[in-house]
Every structure is written in C-alpha cells, then in structure tokens.
Amino acid sequence: MLLALLTNFLLDLVYPKLCINCGKYGSFLCFNCYEKIDPCHTDLCFYCGRISKHGEICPLCKKKYKPYFRSVRWCGNYSGVLKEIIHHYKYDGIIELSEVLSQLAYNRIINCVNQKQPIIVPVPIHRSKEQMRGFNQSELIARKLSELCGNNGGLALVRIKNTATQVGLSKLQRASNVAGSIVCRDGELVRSKTVLLVDDVATTGATLNECAKVLRASGAKRVEAVVLARD
Ligand SMILES: [Zn+2]
Ligand SMILES: [Zn+2]
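Described below are features of the structure shown in this document. All values reported here derive from a predicted model rather than from experimental measurement. (Residues numbered from 1 in each chain as written. Chains lettered and ligands numbered in written order. Predicted model: local features only at pLDDT ≥ 70, side-chain atom pairs only at ≥ 80, totals over all residues. Heavy atoms only, no water.)

**So, the sheet that holds strand β2 (residues 119-122)**
We apply this condition: By this definition, two strands are paired if DSSP reports at least two bridges between them. Under the scheme used here, helices are H or I runs from DSSP no shorter than 4 residues and strands are E runs no shorter than 2 residues, and both carry numbers assigned from the N terminus. Each axis is a line fitted through C-alpha atoms, taken for helices only over the stretch in contact, and angles between the N-to-C directions span 0 to 180 degrees. Throughout, a residue-residue contact means that at least one pair of heavy atoms, one from each residue, lies within 4.5 Å.
Taken together, the four strands give an open sheet; going across it, the order is β1-β6-β5-β2, and neighbouring strands pair in parallel fashion. The sheet terminates laterally at β1 (71-77) and β2, the two strands that pair on one side only. For this sheet, the mean angle separating the axes of adjacent strands, direction not counted, is 20 degrees. In terms of strand pairing, strand β5 (residues 194-202) meets strand β6 (residues 222-230) through eight bridges, oriented parallel. Across the sheet, residue Leu197 finds its bridge partner in β6, namely Ala225. Most of the contacts of helix α4 (residues 80-91) go to β6, to which it runs at about 100 degrees, and overall it touches β1, β5 and β6. Sitting on the sheet, helix α7 (residues 137-149) touches β2, β5 and β6, and the angle it makes with β5 is about 135 degrees.

**As for the packing of helix α8 (residues 171-178) against helix α10 (residues 206-217)**
We count it as follows: Here roughly perpendicular refers to angles of 65 to 115 degrees, roughly parallel to angles under 35, roughly antiparallel to angles over 145, and oblique to all remaining angles. Take the far helix as the reference: if the near one is turned anticlockwise from it by less than a right angle, the crossing is left-handed, and if turned clockwise, right-handed. The classification used treats Ala, Val, Leu, Ile, Met, Phe, Trp, Tyr, Cys and Pro as nonpolar, Asp, Glu, Lys and Arg as charged, and all other residues, Gly among them, as polar.
Relative to each other, α8 and α10 sit at 40 degrees, their axes nearing to 9 Å. Between α8 and α10, the angle falls in the class oblique. At the point where α8 passes α10, the crossing takes the right-handed sense. Every residue of α10 that contacts α8 at Arg174, Ala175 and Val178 is listed here: Ala206, Thr207 and Glu210. Among the residues forming the contact of α8 with α10, the class breakdown is three nonpolar, one polar and two charged.

**A closer look at the coordination of the zinc ion (ligand 2)**
Condition: Donors, by definition, are the N, O and S atoms found within 2.8 Å of a metal, the threshold being 3.2 Å for Na, K and Ca, and water is not counted, so a site can look incomplete. All geometry calls rest on donor angles, where a four-donor set with angles between 85 and 135 degrees is tetrahedral, four- and six-donor sets with opposite donors more than 155 degrees apart and all others between 65 and 115 are square planar and octahedral, and all else is irregular. Exposure classes here rest on a 1.4 Å probe applied to the protein chains alone. A residue is buried below 20% of its type maximum, exposed above 50%, and partly exposed in between.
The coordination sphere of the zinc ion (ligand 2), as far as protein atoms go, consists of Cys45 (SG), Cys48 (SG), Cys58 (SG) and Cys61 (SG), spread over 2.3 Å. Of note is the zinc ion (ligand 2), whose four donor atoms meet at the metal with angles of 102 to 115 degrees in an arrangement that counts as tetrahedral. Mapped onto the sequence, the donors of the zinc ion (ligand 2) take the spacing C-x2-C-x9-C-x2-C. Of this pair, Cys45 sits in the loop between α2 (31-35) and α3 (59-65) while Cys61 sits in helix α3, and the two are 16 residues apart along the sequence. According to the relative accessible area criterion, Cys45 is buried, its value standing at 1%.

**Points about unusual backbone geometry**
Phi angles above zero are rare outside glycine, and His54 is one such case at about 60 degrees. Although it is not a glycine, Lys66 sits at a positive phi angle of roughly 45 degrees. Mapping Lys66 onto the fold places it in the loop between α3 and β1. Accessibility expressed as a relative area gives 60% for Lys66, which makes it exposed.

**Considerations on the coordination of the zinc ion (ligand 1)**
Taken together, the protein donors to the zinc ion (ligand 1) comprise Cys19 (SG), Cys22 (SG), Cys30 (SG) and Cys33 (SG), at separations of 2.3 Å. Taken together, the four donor atoms coordinating the zinc ion (ligand 1) span angles of 103 to 116 degrees at the metal, a pattern that classifies the geometry as tetrahedral. Written as a sequence motif, the donor arrangement for the zinc ion (ligand 1) is C-x2-C-x7-C-x2-C. Pair noted here: Cys19 is in the loop between α1 (2-14) and α2 and Cys33 is in helix α2, with a separation of 14 residues, a long-range link. Assigned by exposure class, Cys19 and Cys33 land together as buried.

Shown next, in the form of structure tokens:
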C-alpha cells in the first residue's frame, strides 16, 4: 500500500497529470473541462438526423441506404472537448482517458443494454496499426463498456487488410475502400445474438456497415452501434 502510494507520487513527479484541455494539474481531464463536453441526449437517425427512437435508422433511410446495422448512437459531435479527449487518447496514447470515454458511451446505451443483452464487439484495426499505436482504441472502450454493463463481448472481428485512410474520401469511395477488409473469426460468439459494435469516430458509417455486414453473414441476429463521436 505504502509502496503503491510512493510509486504514484514519484510517477506524478516525473509524469505530472495535466488536463488535456486546460493544462490544470491533477488529472488528465479536470472537472471543469469534463463539464464542457456537450453530450448528445437525443436519439437521431444516423443518416438524416431526424429524431428516431433508440437511434434506429428511419424507414426512409433504411430504404435508401440499406444498412446492415439497425441503429447508431453517438456520445457527441466530433468537436470541442470531446474531440480533444479522443485525439489525446488515440494519438498520444493517454489510455487513462478511456475511463471517461467508456462512461460517456455507457450513459448513451444504458437504457437499451439491459433488455437486449448485446454482445459487445469493437471495430477492429489492422495489426500493423495496432502495433504502431500500441492498442486498439475501440477495443479498450468495448472492454470497459462490457465491464460496466456486465455483458459478454469479444474480438469477433479482425481486419485483414490495412486499408488506406478514409479521410478525404467520398461516401462511396469509403465503402469500396473498406469492402472485404474485415472478417469474423468468432461466429460462435455472435450467432443469433444482438451485437453492439463499438467505434471511436464515425463519419459516413462505411466501416460500421462493413462490420455489420460481416456479423450478419456470420449469423448475428441484429447489429447496433455506439460511437464516441460523430464527425
Ligand atoms: Zn481542464
Ligand atoms: Zn433517416
């Protein structure tokens, strides 16, 4: 106990915890900056932005886009403090920020997880990217989310192709860029189950849709998604 306290004290001296948003000493995100996060409280259709119960894709968009997922919920827009947190978490490797991010995701899905008992599955990244970054940002969130909900989960999906970045591509280009890049390696886990996909940022939903397609082909009954931010 004493040793742990001493270690923490010394670590704090060498690597002081500073708020990633305002620089205040003490934690990676101070209370004031946490309060500045503008969380999304209303469930909307991912494609058209109309109000939609449980974030389900509205009938019109379902017909138009034919997505493989039923719903998408996001914690907030990819801007301001939320963007700062995700950026520092993902690119600077401040994995402690996964605590606040997974709590935000949990708050977003709390009213649906109990009834559906979904299997929690992260969107995979390619092994080479994971080695470079040191971790898969979505996997860590999915793991913590699974702890918070008490739901089962696992790494059912694998990314077999290291696709080019989606930044700057159109909706159609994104879909074809990601096509065939993901496979399911654990059909047992998802068969006849509701799956909750977890990702950090969604733009057009092309990656989520590719994951959902693969999961459905592997027998998942339905696929829902929660993402930290909507870009
Ligand atoms: Zn702060
Ligand atoms: Zn819609």
